[in-house]
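# Coordinate analysis (summary)
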Amino acid sequence: MKNKRDIRIWTILMVTGLLILGFNGHAQEKWVAPASADKIVNPLKGDTDAVANGKRTYRMLCVVCHGAKGKGDGVGGAGLKPLPTNLTSAEFQAQTDGAIFWKLEEGRSPMASYKTALPEKKRWELINYIRTLKQ
């Protein structure tokens, strides 16, 4: 993505896709990453620049569904099934960085996969920011 216009267009397309996929009407079982994901190490852990960069990415891609404070209350997520995860919850925050990274990579309806849409470094920055959302 080369400019803000491209990012806006991409964001609109992703949100539209999430909303369409989200109206599947059936409950899903708990989303658990495989044990192997726990071994994935965050190369940017403790990097304050990564947190700031992750916050920008969060505002562009995640806030619409997960909400400004990460509570899963974004306007775009209201009609999704299951509802967006509350990223501030103890249960979510108890996951390893590797498990969260795996979920960002793999996705699961209505959550998109960011494996090809978001560079690896951006995914780690996003995780570092999400860690600051603890209750």
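Refer to the structure presented above.
Read on for a plain summary of the structure. It should be emphasised that the depicted structure is a prediction, and the values quoted were computed from it without experimental measurement.

Looking now at the nonpolar core. Core analysis: the biggest nonpolar cluster contains 20 residues, and Tyr58, Leu87, Leu104, Tyr114, Leu126, Ile127 and Ile130 have the highest contact counts within it. Ranked by residue count, the leading element in this core is helix H6 (residues 120-130), at five residues.

The next thing to look at is the pattern of salt bridges. For the structure shown, the criterion picks out six salt bridges. Note that Asp97 and Lys45 form a salt bridge whose closest N and O atoms lie 3.7 Å from each other. Remark: Lys45 occurs in the loop between helix H1 (4-22) and helix H2 (48-61) and Asp97 occurs in helix H5 (residues 97-106); sequence separation between them is 52 residues. Look at Lys45 and you get exposed, because its relative accessible area is 64%. Counted as one network, the salt bridges with shared partners bring together Lys45, Asp97 and Arg131.

What follows is about H2. What sets the pattern is the α-helix's 3.6 residues per turn: residues three or four places apart point alike. With 14 residues, H2 should cover 20 Å at 1.5 Å per step; its first-to-last C-alpha distance of 20 Å lies within 8% of that length. Buried residues of H2: Ala50, Gly54, Thr57, Tyr58 and Leu61, and no others. Down the axis of H2, the buried side of the element spans an arc of 105 degrees, and every buried residue falls inside it. Among the exposed residues of H2, those oriented more than 90 degrees off its buried face are Thr48, Asp49 and Arg59. Where H2 starts, the residue carrying a side-chain oxygen 2.9 Å from the main-chain nitrogen of Asp49 turns out to be Asp47.

For the rest of this paragraph, the subject is H6. Among the eleven residues that make up H6, eight are buried, leaving the element largely enclosed by the rest of the structure. Taken together, the buried positions of H6 are occupied by Arg123, Trp124, Glu125, Leu126, Ile127, Asn128, Tyr129 and Ile130.

Calculation rules
Residues numbered from 1 in each chain as written. Predicted model: local features only at pLDDT ≥ 70, side-chain atom pairs only at ≥ 80, totals over all residues. Heavy atoms only, no water. Core = buried A, V, L, I, M, F, W, Y, C linked by side-chain atoms within 4.5 Å. Buried < 20%, exposed > 50% of the residue type's maximum accessible area, 1.4 Å probe, protein only. Helix = DSSP H or I, 4+ residues; strand = E, 2+ residues; numbered from the N terminus. Salt bridge = Lys/Arg side-chain N within 4 Å of Asp/Glu carboxyl O. Expected span 1.5 Å × (residues − 1). Arc of directions from axis to C-beta. Polar contact = N/O pair within 3.5 Å; in protein donor to acceptor, adjacent residues only side chain to side chain.

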